[in-house]
Amino acid sequence: MDGLEHLIGGFIGALTFSNLLYCFIGCVLGTLIGVLPGLGPAAGTAILIPITFNLDATGAIIMLCAIYYGAMYGGTITSVLINVPGEAASVVTCIDGHQMARQGRAGAALAIAAVGSFIGGCIATIALAFVAIPLAKLALGFGPAEFFALMTVGLCLVIGLAGKNLAAALLMTVFGLLLAMIGIDPVRGAPRFTAGIPDLFDGIGFVPVAMGLFGIAELLIAVEQYKSQVIRADMTNLWPKRDEIGPCVKAILRGTGIGFVMGLIPGVGAVIPTFMSYVTEKRLSKHPERFGNGAIEGVAGPETANNAYANASMIPLFALGVPSSPTIAVLMGAFIINGLTPGPFLFQERPELVWAVIASFFIGNAMLLALNLPLVGLWAKMLRMPFSYLCVGVLIFCIIGAYSLKQTVFDVWVMLGFGVLGYVLRKLEFPLAPAILAMILGPMMEKSLRTTLEISGGSFSIFLERPVALCLLAVPVIVFAVVALRPKALDPLREADAD
Amino acid sequence: MQSGMRRGWQLTGLIMFAICLATLWESRNLALFDRLGPGSGFFPFYLSAIGAVLCALILFQVTRTPVDTEPGETIFPRGPVAWRALAILGSSALATIMMDWLGFRLGMMIFSLILLPCLGERRWWAIVLFAVVAGFGLFYIFNNWLDVLLPVGVFGI
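Please read all numbers here as calculations on a predicted model, not as lab measurements. (Residues numbered from 1 in each chain as written. Chains lettered and ligands numbered in written order. Predicted model: local features only at pLDDT ≥ 70, side-chain atom pairs only at ≥ 80, totals over all residues. Heavy atoms only, no water.)

### Considerations on the overall build of chain A
Within chain A one finds 22 helices and 2 strands. Considering only intrachain contacts with a sequence separation of at least 6, the fraction spanning at least 24 residues in chain A is 79%. Entry remark: accessible area of chain A is about 17,200 Å², with carbon and sulfur atoms responsible for 66%. Averaging the coordinates of the 28 positive side-chain charges in chain A and doing the same for the 29 negative ones gives two points 7 Å apart. (Helix = DSSP H or I, 4+ residues; strand = E, 2+ residues; numbered from the N terminus. Contact = heavy atoms within 4.5 Å. Areas by Shrake-Rupley, 256 points an atom, 1.4 Å probe, with all protein chains shown as cover. Lys, Arg positive; Asp, Glu negative; His and termini not counted. Charge placed at Lys NZ, Arg CZ, Asp CG, Glu CD.)

The structure is reproduced here in structure tokens:
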């Protein structure tokens, strides 16, 4: 009952006028990001960090989290209406959602997606409230060796699932870790790799790098792909047929389970649970031939899985301080900017913040449901915005975001540089997720490793003497062994992610 | 693998290899171990060494991979799309310079006035309206409502 009591306390914090307003603004902005092709949740969250600078930490985190799950929902609208996923996790919704729209059932597709997302998000958040405390309590007993092992596990799972070339994923990780080494050494205070440039003494900012790698690079890719769309959709009938309700309920419940479990595993990404849910529904259906031709379960299951994943992926961040995807890494960066370190100690040091944020997930999901069904026509109109204005607007927000962090133009140059780099690397199909996760985890990993080795007098055998650390470190060994010895074993997951 | 893709991987591998060698060299100037334990150079030294090995492995892998004989799509865009991408990057760089010198308001106004026509917008009144809102409107919102300080230039604007 511990979780329930805390959650009720969290609602008291989240239901203040200001926090409700921040949650509402976050949901609106998030949906907008999801709707607009060319802007993913990671880029959108990074770009909008500066608007939270003047907010208190609770309000800022509530708003940024709302942007994240709002974007996950917003992507559905474009998938259904114009067959273009607003963000990667909505790819699978295009298959049956757009077919439904072509049959004049866009309203029903969007309604079931909204209801499924709401149910999936709420159940995952209830589970978050109950799982996070025991997990955080367990993590409180961890020493630096266990924390190093834990972060290594998180990073290695991301690497293992990042792409077909393990060496490239590992190289991107090393690159991210090396970027994190620039600046003053956090343990000894010696400057490293600064080349005498004063702006580098504080290190390379995570936010400008994330904005460049995701925001600017995505915009440059969108320039190649963007086409203005004509939208004609029937929004009059929002509800499914009577005989569809039973299969939809089952699809939503299965989608919740799949999304929740996948959200707990770092590196899985939002695309995989949606594909898994789709495949499960198709396999379990008495009429699998309907899939691809407008089967409503093909929308209900994946959309539920998508939102359940988004909420469940907060568990590793809140309880262990390990981000499981680039967007969660950006959220972790926002925590750090606000002077907070996600992880088990946050539950002890700032419980009112943690529980208010968790409670806000319920409120945000309810807001999204209330916002999106009646306003879906308005969101569809947003798609008519000319790309030129969207592009210039996003670039100006990126410039403000990069500049305002330290009030220096140097960070804007960093963002532009990493934008070009991100564009080139994406074109060459190098995975970027390991680099951004490594960059945010780098300083903590280094500190944990060095503290561990200081305790052991420089001997690595300390990892063999600590059973938790040893078990955790066995996970990456197994993952890499599977990848190296049976390279096709993880292909279904990677292909889902690549699609 | 397409030949363009292979060249891209080889070039990336070589650049990363050079970066890893440079950080490896620089790490040697930092203490690997001191009396308290691992020093400032410990983590980057081993990371750079691992990175250099990975680069060598990638270069080896890529060089051995057969190249597709059939011509495929080019990796990077050409023609008008490439010009649009370059316009975005060039005007963003110009905006960064101007923002430092002329301030946010004038910098972003000029940025919008340059980039919008490059991206195909032809309605001059819409371009001017957008530029004014982007420069002065956003400055007002961020400075006054969100307390985010944006740069003021040589003319005090």
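Having put the structure on the table, let's press on.
### So, the overall build of chain B
Of the regular secondary structure elements, chain B holds 5 helices and 2 strands. Ordered by position from the N terminus, the helices and strands of chain B form the series α-β-β-α-α-α-α. By the compact-globule yardstick of 15 Å for 157 residues, chain B is too spread out, its C-alpha radius of gyration being 24 Å. Overall size of chain B, expressed as C-alpha extent along the three principal axes, is 60 × 55 × 25 Å. Of all 157 residues assigned to chain B, the portion counted as buried reaches 43%. Sequence separation of at least 24 residues holds for 57% of the intrachain contacts in chain B that already meet a minimum separation of 6. Put simply, chain B shows about 8,800 Å² of open surface, and 68% of that area lies on carbon and sulfur atoms. (Rg over C-alpha atoms; globule rule 2.2 N^0.38 Å. Buried < 20%, exposed > 50% of the residue type's maximum accessible area, 1.4 Å probe, protein only.)

### Concerning the pattern of salt bridges
When their charged atoms lie close together, side chains carrying opposite charge are able to pair. Residues and elements named next belong to chain A. Enumeration according to the criterion identifies 13 salt bridges over all chains in this entry. The partner of E352 in a salt bridge is R350, with the nearest N and O atoms 2.8 Å apart. In this structure E352 comes out as partly exposed when scored by relative accessible area, which is 45%. Judged by relative accessible area, R350 falls into the partly exposed class, the value being 29%. Where salt bridges share partners, they join D185, R192, E446 and R450 into one cluster. (Salt bridge = Lys/Arg side-chain N within 4 Å of Asp/Glu carboxyl O.)

### Examining the packing of helix α3 (residues 41-48) of chain A against helix α14 (residues 326-337) of chain A
All names here are of chain A. Between α3 and α14, the shortest axis-to-axis distance is 8 Å and the interhelical angle comes to 15 degrees. The angle between the axes of α3 and α14 places the two elements in the roughly parallel class. The chirality of how α3 crosses α14 is left-handed. Counting all contacts with α3, which are made through P41, A42, T45 and A46, the residues of α14 involved are P326, T327, V330 and L331. Among the residues making up the contact of α3 with α14, the classes are represented as 6 nonpolar, 2 polar and no charged. (Axes fitted to C-alpha atoms, helices over the stretch in contact; angles between N-to-C directions. Parallel < 35°, antiparallel > 145°, perpendicular 65-115°, else oblique. Left-handed = near helix turned anticlockwise from the far one by under 90°. Nonpolar A, V, L, I, M, F, W, Y, C, P; charged D, E, K, R; others polar.)

### Points about the confidence of the model for chain A
Should pLDDT be low for a region, the predicted coordinates there are not to be read in detail. Confidence along chain A averages 85 in pLDDT terms, with 93% of residues attaining 70 or more. At the level of individual helices and strands, chain A shows its lowest average pLDDT in helix α22 (residues 491-498) of chain A, which scores 52, and its highest in helix α18 (residues 409-427) of chain A, which scores 95. (pLDDT = per-residue confidence, 0-100.)

### What to know about the domain arrangement of chain B
By the assigned domains, chain B splits into domain 1 (3-64) and domain 2 (80-145). Relative placement of domain 1 of chain B and domain 2 of chain B: their C-alpha centres are 39 Å apart. (Domains from an automatic or database assignment.)

### Some thoughts on a nonpolar patch on the surface
A cluster of nonpolar side chains, contributed by L113(B), W124(B), W125(B), V128(B), L129(B), V132(B), V133(B) and F136(B), occupies part of the molecular surface with about 800 Å² of accessible area. For the nonpolar patch, the leading source of residues is helix α5 (residues 124-145) of chain B, giving 7 residues. (Patch = residues over 30% accessible without salt bridge, like charges linked within 9 Å, V, L, I, M, F, W, Y side chains within 5 Å.)

### What to know about the interface of chain B and chain A
Tallying the contact residues gives 66 residues for chain B and 59 residues for chain A. Surface buried jointly by chain B and chain A totals about 5,400 Å² across both partners, of which 81% is contributed by carbon and sulfur atoms. On the surface where chain B and chain A come into contact, there are 1 salt bridge. Where R188(A) meets D34(B), a salt bridge forms, and the shortest distance between an N and an O atom there is 2.6 Å. (Buried area = accessible area lost by both parts, 1.4 Å probe.)

### With respect to the packing of aromatic side chains
Residues and elements named next belong to chain B. In total, this model carries 18 aromatic pairs over all chains according to the counting rule given. The positively charged end of R28 is found above the aromatic ring belonging to W25, 4.6 Å away from the centroid. Lying across the ring of F139, R105 places its NZ or CZ 3.6 Å from the centre. (Phe/Tyr/Trp six-rings, centres within 6.5 Å; stacked < 30°, edge-to-face > 60°. Lys NZ or Arg CZ within 6 Å of the ring centre and 35° of its normal.)

### Quick look at helix α12 (residues 297-312) of chain A
Count 3.6 residues to each turn of an α-helix, and residues three or four apart come out pointing the same way. Here α12(A) spans 22 Å end to end across 16 residues, near enough to the 22 Å set by a 1.5 Å rise per residue. When you tally the buried positions in α12(A), you get 16 out of 16 residues, the bulk of the element. (Expected span 1.5 Å × (residues − 1).)

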